[in-house]
Amino acid sequence: MAICDRCNTSIPRCGGYVMYCEASAQIFGGAAAAGRSTEIGCLLLCEKCTTSIYNESSFSRQQPAAVGIDPSRGDLQTQIREALRITIDASLITIAKRQGLAPQEALTQARGLAQEWWTNNQAAARKAMALAKQAPRRMPATPEALVREQPSHKKWWQF
Ligand SMILES: [Zn+2]
C-alpha cells in the first residue's frame, strides 16, 4: 500500500499513477537556505487525483501563471496547500503537453510508470524524470504557443 502524494488517500498495491513534477518545493526544505533549486520530483498519485489533472478540460485551460497567498484571506497553511496543489497540477499538465501527450496518453504513461514503480521505484522515478525532461515530441502549432508553453523558472510562490 502507498499514499497519494496529493490527497493522502491510500493507494492499493500496484495501483496509482507515477509522474514527474518540475515545480519547486524549495520553500518546504532546507534547500532554501542553501539557495538550491529543488524540484518536487517523482509523485505517486491516486486515480481520482490523476484523472482530475489529466483530462480534456484541464488540458484546454490556460495554466495559472500566478498563485497568490494572502495572510488576510485566512488560514495560511490551507492557502499554501492549495497553492502547492495548483502548482503541481499546472506543472504536470505543462510537462504532458510539452511531450505532446493527450490526456489519455498521459494517463497511460503514468499508469505504466506506476506498474514499474511497484517493482522498482528508483528505476520508475528515473524514467519519469527522463520522459519529463526529454525534448518536445511535436512542436506547438504557433510560435506564440511555444513561448506560452515554456516552463516558468520562477519559484511557485514568487508571483
Ligand atoms: Zn489523490
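I will try to describe carefully the structure that is included in this document.

The rules behind the values
- Residues numbered from 1 in each chain as written.
- Predicted model: local features only at pLDDT ≥ 70, side-chain atom pairs only at ≥ 80, totals over all residues.
- Helix = DSSP H or I, 4+ residues; strand = E, 2+ residues; numbered from the N terminus.
- Buried ≥ 20, exposed ≤ 12 C-beta atoms within 10 Å, placed from the backbone.
- Contact = placed C-beta atoms within 7 Å.
- Core = buried A, V, L, I, M, F, W, Y, C linked by C-beta atoms within 7 Å.
- Expected span 1.5 Å × (residues − 1).

1. With respect to the overall build of the chain
Okay, step 1: When you go through the chain residue by residue, the secondary structure sums to seven helices and four strands.
Okay, step 2: The order of α-helices and β-strands along the chain, N terminus first, is β-β-β-α-β-α-α-α-α-α-α.
Okay, step 3: Relative to its 159 residues, the chain shows a buried fraction of 30%.
Okay, step 4: Sequence separation of 24 or more characterises 69% of the internal contacts of the chain that already satisfy a separation of 6 or more.

2. Some details on the nonpolar core
Okay, step 1: With 33 residues, the main nonpolar core has Val 18 and Met 19 as its most contacted residues.
Okay, step 2: Secondary-structure elements contributing two or more residues to this core are strand 3 (17-24), strand 4 (39-45), helix 2 (47-53), helix 4 (76-98), helix 5 (103-117) and helix 6 (121-133).
Okay, step 3: Apart from residues lying up to four places away in sequence, Met 19 is in contact with Leu 43, Leu 92, Ala 110, Leu 113 and Ala 128.

3. What to know about helix 4
Okay, step 1: In a regular helix each residue adds 1.5 Å, so 23 residues correspond to 33 Å; helix 4 covers 32 Å between its end C-alpha atoms and thus fits that length.
Okay, step 2: Every buried residue of helix 4 is listed here: Thr 87, Ile 88, Asp 89, Ala 90, Ser 91, Leu 92, Ile 93, Thr 94, Ile 95, Ala 96 and Arg 98.
Okay, step 3: Residues of helix 4 that are buried in the fold lie against strand 3, strand 4, helix 2, helix 3 (56-60), helix 5 and helix 6.
Okay, step 4: Among the residues trailing helix 4, Gly 100 stands out with phi positive, at a value near 80°.

Any functional reading would require information that these geometric values do not contain.
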